[in-house]
Amino acid sequence: MGNAYHRAVHPDTFPGPDFEPTFDPLLGAPNRKVRVSNVTKEEMVSAKLPLEDRDYCADVLLKYRACRTRVFPFLYKCHHERHEYLTCEYEDYVLRMKEFERERRLLERQKRIDAAA
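Each value, and the rule that gives it
- Residues numbered from 1 in each chain as written.
- Predicted model: local features only at pLDDT ≥ 70, side-chain atom pairs only at ≥ 80, totals over all residues.
- Heavy atoms only, no water.
- UniProt positions renumbered as here; feature names shortened; annotations may be inferred.
- Core = buried A, V, L, I, M, F, W, Y, C linked by side-chain atoms within 4.5 Å.
- Buried < 20%, exposed > 50% of the residue type's maximum accessible area, 1.4 Å probe, protein only.
- Helix = DSSP H or I, 4+ residues; strand = E, 2+ residues; numbered from the N terminus.
- Contact = heavy atoms within 4.5 Å.
- Salt bridge = Lys/Arg side-chain N within 4 Å of Asp/Glu carboxyl O.
- Phe/Tyr/Trp six-rings, centres within 6.5 Å; stacked < 30°, edge-to-face > 60°.
- Lys NZ or Arg CZ within 6 Å of the ring centre and 35° of its normal.
- Expected span 1.5 Å × (residues − 1).
- Disulfide = S-S within 2.5 Å.

In the nomenclature of an unreviewed UniProt entry, the protein is known as NADH dehydrogenase [ubiquinone] 1 beta subcomplex subunit 7 of Glossina fuscipes. Of the comments in the UniProt record for the protein, the one headed Sequence similarities (unreviewed entry) reads "Belongs to the complex I NDUFB7 subunit family."

Encoded structure:
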């Protein structure tokens, strides 16, 4: 509810849920790493990954699914791969939250600069 309220009250400084970055990714952080996926779209399609799983953790998910296929029905043997995948998903979530917050703060900064000029 807080996000919906903030988006309604401050639409110019609150990015939407599917925002694309509008500022330079290296602004304020010249050593920032560019995120690239280790799996191509063709590999994801051929592995029949659902659209919601086609993210930066797709390579780890494919290893986890291969392990499950290899050791079925003893799925407990893939606990390391599962942990690795869930950790990757969590780290991806944290990075997306940081990017969202960075975009929001830069939009507020731009609004202050425009108001002062």
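Back to the write-up after that little detour.
J.: What should I look at first to understand the nonpolar core in this one?
T.: Soluble globular proteins tend to pack their nonpolar side chains together in the buried interior. Grouped together as the largest cluster of nonpolar side chains are 13 residues, with contacts concentrated most on Met44, Leu49, Ala58, Leu61, Cys78 and Tyr85. Of all the secondary-structure elements, those providing two or more residues to this core are α3 (58–71) and α4 (79–116). The residues contacting Ala58, other than those within four sequence positions of it, are Val39, Met44, Leu49 and Asp53.

J.: Explain the pattern of salt bridges to me, please; I cannot follow it from the model alone.
T.: Should their charged atoms come close, side chains of opposite charge can pair. Applying the stated criterion to the full structure yields 7 salt bridges. In this structure, Asp92 engages Arg96 in a salt bridge whose closest nitrogen and oxygen atoms are separated by 3.3 Å. Of this pair, Asp92 and Arg96 both sit in helix α4, separated by 4 residues, roughly a single helical turn. Within this structure, Glu101, Arg104, Arg105 and Glu108 form a network of salt bridges that share partners.

J.: It is not clear to me how the packing of aromatic side chains should be interpreted in this structure. Could you clarify?
T.: Aromatic rings in a pair are described by how distant their centres are and how their planes are angled relative to each other. This structure, assessed with the given rule, holds 2 aromatic pairs. When the centroid spacing of 6.5 Å and the interplanar angle of 10 degrees are considered together, the rings of Tyr64 and Tyr85 count as stacked. On the criterion of sequence distance, the pair formed by Tyr64 in helix α3 and Tyr85 in helix α4 is long-range, its members being 21 residues apart. Neither Tyr64 nor Tyr85 differs from the other in exposure class; each is buried. When the ring of Phe74 is compared with that of Tyr76, the centres are 6.3 Å apart and the planes differ by 80 degrees; the resulting orientation is edge-to-face. Its end group placed over the ring of Tyr56, Arg35 keeps NZ or CZ at 3.9 Å from the ring centre.

J.: What is the right way to look at α4 in this model?
T.: Every α-helix carries 3.6 residues per turn, so stepping three or four residues along brings you back to the same face. Under the 1.5 Å per step criterion, the end-to-end length of α4 is 55 Å for 38 residues, consistent within 8% with the ideal 56 Å. Listing the buried residues of α4 in full gives Tyr85, Cys88, Asp92, Val94, Arg102, Glu103, Arg104 and Leu106. Next to the buried residues of α4 lie α3.

J.: Just checking my understanding: could you explain the state of the cysteines for this structure?
T.: Throughout this description, disulfide means a covalent bond between two cysteine sulfur atoms. Overall, the coordinates contain 2 disulfides when judged by the stated rule. Paired through a disulfide, Cys57 and Cys88 show a sulfur-sulfur distance of 2.1 Å. For the disulfide bridge between Cys57 and Cys88, the dihedral angle about the S-S bond is near -95 degrees, and by the sign convention the bridge is left-handed. Here the residue Cys57 occupies a position in the loop between α2 (41–46) and α3, and Cys88 occupies one in helix α4, the gap between them amounting to 31 residues. Taken individually, Cys57 and Cys88 each receive the classification buried, so the pair is uniform in this respect. Shown here is the disulfide that connects Cys67 with Cys78, its sulfur atoms set 2.0 Å apart. Around the S-S axis, the bridge from Cys67 to Cys78 shows a dihedral of about -95 degrees and counts as left-handed. Residue Cys67 is located in helix α3, and its partner Cys78 is located in the loop between α3 and α4; the two are separated by 11 residues in the primary sequence.

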